[in-house]
Amino acid sequence: MPGQLVHALIKIITHKWVISKYITGPWETAAMKDCNILDTNQLIQHADIKLKEWIEDPTPLLTGCATNCFGEEVNECKVCLTEGEIDKRITDIMQKLLDSISAVIQRQLSDHLLGGKFAEPSDVLIKEAKSCSSTNISGERQFAKMKRVQSNAPSTMMTKIESKSMYAANRVGQDMAKMTEGERERNIIWAVKQGAKIRVTDREKNRQYQEKMRERLRERRMEQVQKEEKGREQLEGVVEGVYRYGGLWLTEVDMGNSLSSLSETRKKEAIKSQIKFRTQVLHCDAVKIALSKLSSLQLQDQFIQILRSPIPQDSQIIQDIFEQSEKLIQQDSSEI
């Protein structure tokens, strides 16, 4: 049984012509035909129904159906399985594949399925859709042309580029040449009126877009200001903590003198202020560790390690200014 299962899986996965022969191959052939896109409605609807049947029971597909997803007859499938080779795991794999294909159809072609807005098109709609391609190849080509035009003339409005591209792609000139003079005049007048409405709509959309962009920029500036304010407040708190407990400690002796008269809680606050000042202001190298979980003795060891690490050259001037300000403060205090 395991050998049969492996053989069957290889036939399905490696030789994926089962899907190609009955679904993707016929679909590609139908899509490449030069026809009205609305003429494919019946094919799409038939394929949707057939896929749902195969999802319920993929056995006919695995053993070789007489017709493909569009109901068209097919030749004998040489890579299909026999009933003895079919296993539950094989049917599960095929059901998942078919379910994925069906989900794509439901998502992308819902307007053409039963109940969709294009499912039963009127004669007028069929005539209007005559110039629409049944594939996205034309659309991709138009995007490429628009990109080239925009590269050559960056200041050209997108609406103008779109209009010229659509005029050429939809063969408007050829269709108007077949009209009577009265029909051409009516269509031109209608197009001018529609163009004015479209320009008004585009201006409003651009105004709304620019307003949203300005609002977003204001929000970002406010976020940046708040972030800078928060960082400044944190640094001010660190500096105040350093001043509160004897100023900047330059040696282990300074640390010992400042901690000698403090309680355990105050000691921890004092050492954490010194560590934060050296790491956040002077940018000294230090191992990242949660200071709140350390005892005062552990904090002292941590501070000594940081004290022994060199101060970056860019931060040396900050320490010099800080030491000078401490001396001035002490001098003013003694004069008072």
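Remember, it's a predicted structure, so these values are computed and weren't measured experimentally.

Rules behind the numbers
- All chains use their own residue numbering, which begins from 1 and follows the written sequence.
- In view of the model being predicted, local features appear only for residues whose pLDDT reaches at least 70, and side-chain atom pairs are presented and counted only at 80 or more, with totals across whole chains, interfaces and linings using the full set of residues.
- The side-chain figures draw on all heavy atoms in the structure; neither hydrogens nor water molecules are used.
- Between N-to-C directions, angles cover 0 to 180 degrees, with each direction set by a line fitted to C-alpha atoms, over the stretch in contact for helices.
- Secondary structure elements are defined from DSSP: runs of H or I of at least 4 residues count as helices, runs of E of at least 2 residues count as strands, and each element is numbered from the N terminus.
- Any angle that falls under 35 degrees is termed roughly parallel, while one over 145 is termed roughly antiparallel, one within 65 to 115 roughly perpendicular, and all others oblique.
- In a left-handed crossing the near helix is turned counterclockwise from the far helix by less than a right angle, and in a right-handed crossing that turn is clockwise.
- Between two residues, a contact is recorded if the distance between any of their heavy atoms is within 4.5 Å.
- Note on definitions: the grid is 1 Å and covers protein atoms alone; a cavity is a set of points where a 1.4 Å probe fits but cannot get out; a pocket is an open set with protein on both sides within 12 Å along at least five of seven lines; lining residues have an atom within 4 Å of a point.
- Grid points are joined across faces, edges and corners, and a volume is the space filled by probe spheres set on the points.
- Each residue gets one label: Ala, Val, Leu, Ile, Met, Phe, Trp, Tyr, Cys and Pro are nonpolar, Asp, Glu, Lys and Arg are charged, and the others, such as Gly, are polar.
- Buried, partly exposed and exposed residues are distinguished by accessible area as a fraction of the type maximum, computed with a 1.4 Å probe on protein chains only: under 20%, between the cut-offs, and over 50%, respectively.
- For Phe, Tyr and Trp, where Trp contributes only its six-membered ring, two rings pair if their centres lie within 6.5 Å, and the inter-plane angle classes them as stacked under 30 degrees, edge-to-face over 60, or tilted in between.
- A patch consists of residues exposed above 30% relative accessible area that lack any salt bridge, with like charges linked at up to 9 Å and nonpolar side chains (Val, Leu, Ile, Met, Phe, Trp, Tyr) linked at up to 5 Å.
- Working definition of accessibility: Shrake-Rupley area with a 1.4 Å probe, residue cover restricted to the visible protein chains.
- In the sections that follow, a salt bridge refers to a side-chain nitrogen of Lys or Arg positioned within 4 Å of a carboxyl oxygen of Asp or Glu.
- Positive charges come from Lys and Arg, negative ones from Asp and Glu, while His and the chain ends are left out of the count.
- Taken as the charge centre is NZ of Lys, CZ of Arg, CG of Asp or CD of Glu, depending on the residue.
- Helices are assigned an expected span. That span is 1.5 Å times one less than the residue count.
- Confidence scores here are pLDDT values: one per residue, from the predictor, ranging 0 to 100.

Turning our attention to the packing of helix H11 (residues 252-259) against helix H13 (residues 296-308). At a minimum axis separation of 11 Å, H11 and H13 run at an interaxial angle of 150°. Between H11 and H13, the interaxial angle falls into the category roughly antiparallel. The hand of the H11/H13 crossing is right-handed. Only Gln-300, Phe-303, Ile-304, Leu-307 and Arg-308 of H13 make contact with H11, whose side of the interface consists of Glu-252, Met-255 and Leu-259.

This brings us to the layout of surface pockets. One number sums up the size of the largest pocket: a volume of about 1,700 Å³. Along the wall of the largest pocket there are 31 residues; nearest its centre are Asn-170, Val-172, Asn-187, Trp-190 and Ala-191. Residue assignment for the lining of the largest pocket shows that the elements contributing at least two residues are helix H6 (123-128), helix H8 (158-169), helix H9 (172-177) and helix H10 (181-244). No other element matches H10, which puts 11 residues into the lining of the largest pocket. Of the residues assigned to the lining of the largest pocket, the class counts are 12 nonpolar, eight polar and 11 charged.

Attention now moves to the packing of H10 against helix H12 (residues 264-281). The interhelical angle for the contact between H10 and H12, taken along N-to-C directions, is 135°, at an axis separation of 8 Å. For the element pair H10 / H12, the angle class is oblique. Considering only the axes of H10 and H12, their crossing is left-handed. Residues Leu-235, Val-238, Val-239, Gly-241 and Val-242 of H10 touch H12, and the partners they reach there are Ser-273, Gln-274, Lys-276, Phe-277, Gln-280 and Val-281. For the contact of H10 with H12, the class distribution of residues is six nonpolar, four polar and one charged.

Here we take up the side chain of Gln-302. Following the sequence through the fold, Gln-302 ends up in helix H13. Residue Gln-302 is classed as buried on the basis of its relative accessible area of 11%. Setting aside chain neighbours within four positions, we find Gln-302 in contact with Ile-275, Val-287 and Ile-289.

As a further point, take the environment of Ile-105. Here Ile-105 is to be found in helix H5 (residues 88-108). Residue class for Ile-105 comes out buried when judged on its relative accessible area of 5%. When the C-alpha positions of Ile-105 and Asp-48 are compared, they lie 7.3 Å apart, and in sequence the two are 57 residues distant.

As a further point, take the packing of aromatic side chains. Inspection of every chain in the model, using the stated rule, returns three aromatic pairs. Measuring from centroid to centroid gives 6.5 Å for Tyr-22 and Trp-54, while their planes differ by 75°, and the two rings are edge-to-face. Residue Tyr-22 is found in helix H2 (residues 17-31), and its partner Trp-54 is found in helix H3 (residues 41-56); the two are separated by 32 residues along the sequence. Where Trp-27 meets Phe-70, the ring centres are 5.4 Å apart and the plane angle is 45°; that geometry is what we call tilted. Note that Trp-27 is positioned in helix H2 and Phe-70 in the loop between helix H4 (59-63) and H5, a separation of 43 residues in sequence. Look at Trp-27 and you get partly exposed, because its relative accessible area is 23%.

Further remarks concern the environment of Lys-21. With respect to the helices and strands, the residue Lys-21 is situated in helix H2. Given the relative accessible area of 28%, Lys-21 is considered partly exposed.

Quick look at a positive patch on the surface now. Taken together, Lys-127, Lys-130, Arg-171 and Lys-178 make up a surface patch of like positive charges. Relative to the assigned elements, Lys-178 resides in the loop between H9 and H10.

On to H3. Given 3.6 residues per helical turn, the α-helix brings residues three or four places apart onto the same face. For H3, spanning 16 residues, the distance from its first C-alpha to its last is 23 Å, which sits close to the expected 22 Å at 1.5 Å a residue. What H3 keeps buried is the set Asn-41, Ile-44, Gln-45, Ala-47, Asp-48, Leu-51, Trp-54 and Ile-55.

Time to look at the confidence of the model for the protein chain. The predicted model of the protein chain averages 79 in pLDDT, with 83% of residues at 70 or higher. Looking across the protein chain, the model is least confident in helix H1 (residues 2-14), with a mean pLDDT of 52, and most confident in H3, with 89. Segment residues 331-336 is flagged for pLDDT under 50; beyond a separation of four residues in sequence, or across chains, it makes zero contacts in the model.

A side chain with one charge can pair with a side chain of the opposite charge if their charged atoms come near. This model, assessed by the stated rule, comprises 11 salt bridges. Glu-204 is paired through a salt bridge with Arg-207; the nearest N and O atoms lie 2.7 Å apart. One end of the pair is Glu-204 and the other is Arg-207, both in helix H10 and three residues apart, which spans about a single turn. A relative accessible area of 35% means that Glu-204 is categorised as partly exposed. The closest approach of N and O atoms between Glu-211 and Arg-218, which form a salt bridge, is 3.4 Å. Overall, Arg-218 belongs to the partly exposed group, its relative accessible area being 36%. Bridged by salt links that share partners, the residues Glu-211, Arg-214, Glu-215 and Arg-218 form one connected network.

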